[in-house]
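Here is how the chains run, residue by residue.
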Amino acid sequence: MTDSGQSRQTTHNNHYVPRVYLKRWSTNGNTIWDYRLLVHSEKEPIWKRSKIKRTAVWPNLYTQVENGKADDSIESYLDRNYEQPVANILCKISNNSELSEKDMDDLVNFLIVQFARTPSMMAKMNEVVRRKFPSVVEGAVAQVEAELKASNRNCSFSSSDQGSAKTEPFPKQPFETKIHPDEGTIEVTLTAGRQSFLSAMGDLLNGKVAHTLRNHCWRVLETPNEIKLPTSDNPVAVFGISEHGEIDFGPGVGVPNANIIMPLDPTHLLFTEVGATREQLLCFNPTQYHIGLFIRAIVLNASEHVYSLSRNDAIPAIRKREVDPHAAEELLRTRNEWKQNGAT
């Protein structure tokens, strides 16, 4: 409900990269140069002017269904707590205005949510859920055994209320344990999908990963010689650099010497090197070589789109697009199914 008591319209088009952010790469506030990494045909242009309201958007990505009705409380939560606080800060950065300590805290929180909310992270989270499933089963079975011993009887026991603690507005992990006494079996079910992704997002935003990121020292860097940075639909890159200057996406957010970056506009980015002190970061003046590595990491870290202030032939040279009509159709099918499952 709105303050006036009237019903608020449910948001179904979820921008996993906020429009207020993408507009920093727009010359007219409505469109953005878009290098698509997966296309149906070679005939499609290398660079396309995409409407900001129609890119980096996934219908019902964060929508839940409660009592038969669509619930967009997660979308509202992300907008209220992460997007709105940085709108003015992004303007200050573009104007080279001084940032307060709170501004920096809000920027880091914005980086955290952009790290957590994308379809790319959803795929990673689903893989983590699958890897952790055996340990979940182990814990669930142990709890069932304890329940049976306490009750000293055979029973049908459901642990659908188990899992990670619910953090509003995010759901709990959807796993359930059932005993089948007649068969002498215990059934454990874990569904990797919408609820699993949204629960994992809540865990990431409120757990150890976010705590680790907030404890790093951060700095806003400006590119030398007005070199222009791209951004992407997966704008937070965590990577190491090999002795030969190769990008390595293996390190995690707490691994010493890992680089963590997020472009903020075409000439600024939020940066840390894990383990660096504030003084060390203040002494770091990125050269053209460093910015070249950062641009390469941004492009290689993208999922489906790389965005730029202008057409840039260097970006396709870093990463060639994939022409695969079957993969492109499969992606559309997946999103349409997700959209329908999140509708009322």
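Every residue gets a number counted from 1 within its own chain, in the order that chain's sequence is written. Thresholds applied to this predicted model are a pLDDT of at least 70 for local features of residues and 80 or more for the giving and counting of side-chain atom pairs; totals over whole chains, interfaces and linings are not thresholded and use all residues. Remark: hydrogens and water are excluded; side-chain values derive from all non-hydrogen atoms of the structure.

Asker: Explain the overall build of the protein chain to me, using residue names and the numbers behind them.
Answerer: For the protein chain, the count of helices and strands is ten helices and 17 strands. With 344 residues in all, the protein chain has 45% of them scored as buried. Any two residues whose heavy atoms approach within 4.5 Å are treated as being in contact. The long-range fraction of contacts in the protein chain, counting pairs at least 24 apart against all pairs at least 6 apart in sequence, stands at 70%. Computed with a 1.4 Å probe, the accessible areas rest on the Shrake-Rupley method; for each residue, only the protein chains presented here act as cover. Roughly 17,900 Å² of accessible area belongs to the protein chain as shown, and the carbon and sulfur atoms make up 47% of that amount. Helix numbering and strand numbering both begin at the N terminus, where a helix is a DSSP run of H or I of at least 4 residues and a strand a DSSP run of E of at least 2. Each residue is assigned to one of three classes by its accessible area relative to the maximum for its type, calculated with a 1.4 Å probe on protein chains only: buried under 20%, partly exposed between the two thresholds, exposed over 50%.

Asker: Now, about helix H3 (residues 101–116): what can you tell me, with residues and values included?
Answerer: Taking 1.5 Å as the rise per residue, H3 with 16 residues should run 22 Å; its terminal C-alpha atoms sit 23 Å apart, in good agreement. Most of H3 sits inside the fold, with 13 of its 16 residues counted as buried. Every helix has an expected span of 1.5 Å times one less than the residues it contains.

Asker: Now, about the pattern of salt bridges: what can you tell me, with residues and values included?
Answerer: A side chain of one charge can pair with a side chain of the opposite charge when the charged atoms of the two come close. Criterion for a salt bridge: a side-chain nitrogen of Lys or Arg within 4 Å of a carboxyl oxygen of Asp or Glu. All chains considered together, the criterion is met by eight salt bridges. Asp103 is the salt-bridge partner of Lys92, the closest N and O atoms lying 2.6 Å from each other. In this pair, Lys92 is assigned in helix H2 (residues 73–94) and Asp103 in helix H3, connecting sequence segments eleven residues apart. Here Glu304 makes a salt bridge to Arg335, at a shortest N to O gap of 2.5 Å. One end of the pair, Glu304, is in the loop between helix H8 (288–301) and strand E16 (305–308); the other, Arg335, is in helix H10 (residues 325–341), with 31 residues separating them in the sequence. Residue Arg335 is classed as buried on the basis of its relative accessible area, which comes to 13%. Each of the salt bridges in this network shares a partner with another, and the network as a whole consists of Glu330, Arg333 and Glu337.

Asker: Quick one: what's the story with the layout of surface pockets, residue by residue and with numbers?
Answerer: The pocket and cavity definitions rest on a 1 Å grid over protein atoms only: a 1.4 Å probe that fits but cannot leave marks a cavity, an open set with protein on both sides within 12 Å along at least five of seven lines marks a pocket, and residues lining either have an atom within 4 Å of a point. Grid points are joined across faces, edges and corners, and a volume is the space filled by probe spheres set on the points. Volume-wise, the second largest pocket comes out at about 640 Å³. Around the second largest pocket, the lining comprises 25 residues; the ones closest to its centre are Arg54, Glu304, His305, Leu332 and Arg335. When residues of the lining of the second largest pocket are traced back to their parent elements, those giving at least two are strand E2 (31–36), strand E3 (38–39), strand E4 (47–51), strand E5 (57–59) and H10. In this classification, the charged set is Asp, Glu, Lys and Arg, the nonpolar set is Ala, Val, Leu, Ile, Met, Phe, Trp, Tyr, Cys and Pro, and all remaining amino acids, among them Gly, are polar. Its residues placed into classes, the lining of the second largest pocket shows nine nonpolar, six polar and ten charged.

Asker: Please set out the sheet that holds strand E10 (residues 219–222) residue by residue, giving values where relevant.
Answerer: DSSP-based pairing: two strands are paired if at least 2 bridges between them are found. Strand order across the open sheet formed by five strands is E10-E15-E14-E12-E13, with antiparallel pairing between neighbours. The outermost strands of the open sheet, each flanked by one partner alone, are E10 and strand E13 (247–248). In this sheet, strand E15 (residues 268–273) lies alongside E10 in antiparallel orientation, the contact comprising four bridges. In the strand pairing of E15, Glu222 is matched with His268. Its contacts with the sheet put H8 on E10, strand E12 (237–241), E13, strand E14 (259–265) and E15, and the angle it makes with E12 is roughly 125°. Orientation is described by axes fitted as lines to C-alpha atoms, over the contacting stretch for helices, and by angles from 0 to 180 degrees between their N-to-C directions.

Asker: Tell me about the environment of Asn215, residues and numbers included.
Answerer: Residue placement: Asn215 occurs in helix H6 (residues 208–215). Asn215 sits 59 residues away from Val274 along the chain, and the two C-alpha atoms are 9.8 Å apart.

Asker: I'd love a proper account of the packing of H3 against helix H5 (residues 194–206), names of residues and values included.
Answerer: With their axes 10 Å apart at the nearest point, H3 and H5 run at an angle of 155° to one another. It follows that H3 is roughly antiparallel to H5 by the angle criterion. Both H3 and H5 take part in a crossing whose hand is right-handed. Where H3 approaches H5, its residues Ile112, Val113, Phe115 and Ala116 are matched on the opposing element by Phe197, Met201, Leu204 and Leu205. In terms of residue class, the contact of H3 with H5 is built from eight nonpolar, no polar and no charged. Throughout this description, any angle smaller than 35 degrees is read as roughly parallel, any larger than 145 degrees as roughly antiparallel, any in the 65 to 115 degree range as roughly perpendicular, and the remainder as oblique. Two helices that cross are described as forming a left-handed crossing if the nearer one is turned anticlockwise from the farther one by less than a right angle, and a right-handed crossing if clockwise.

Asker: Please give an account of a positive patch on the surface that cites residues and values.
Answerer: A surface patch of like charges, here positive, comprises Arg19, Lys23, Lys51, Lys53 and Arg54. As for its placement among the helices and strands, Lys51 is situated in strand E4. Owing to a relative accessible area of 43%, Lys51 belongs among the partly exposed residues under this scheme. The patches described consist of residues with a relative accessible area above 30% and no salt bridge, like charges being joined within 9 Å and nonpolar side chains (Val, Leu, Ile, Met, Phe, Trp, Tyr) within 5 Å. His residues and chain termini do not enter the charge count, which takes Lys and Arg as positive and Asp and Glu as negative. Charge placement uses NZ in Lys and CZ in Arg. For Asp and Glu, CG and CD serve respectively.

Asker: Which residues make up the packing of aromatic side chains, and what values go with them?
Answerer: Under the pairing criterion, centres of Phe, Tyr and Trp rings, with the six-membered ring standing for Trp, must be within 6.5 Å; the plane angle then separates stacked pairs below 30 degrees from edge-to-face pairs above 60, leaving the rest tilted. Taken as a whole and judged by the stated rule, the model has ten aromatic pairs. Relative to Phe249, the ring of Phe239 lies with its centre 6.5 Å away and its plane at 70°, an arrangement referred to as edge-to-face. Of the two residues, Phe239 is situated in strand E12 and Phe249 in the loop between E13 and E14; the sequence distance between them amounts to ten residues.

Asker: I'd like to hear about unusual backbone geometry, residue by residue, with values.
Answerer: Residue Pro169 is reached from Glu168 by a cis peptide bond, and omega for that bond is 5°. Relative to the elements of secondary structure, Pro169 occurs in the loop between helix H4 (119–151) and strand E8 (175–180). Although it is not a glycine, Asn225 adopts a positive phi angle of roughly 55°. The residue Asn225 is located in the loop between E10 and strand E11 (231–232) in this model. One non-glycine residue, Asn257, lies in the positive phi region at around 75°. Relative to the helices and strands, Asn257 is located in the loop between E13 and E14.

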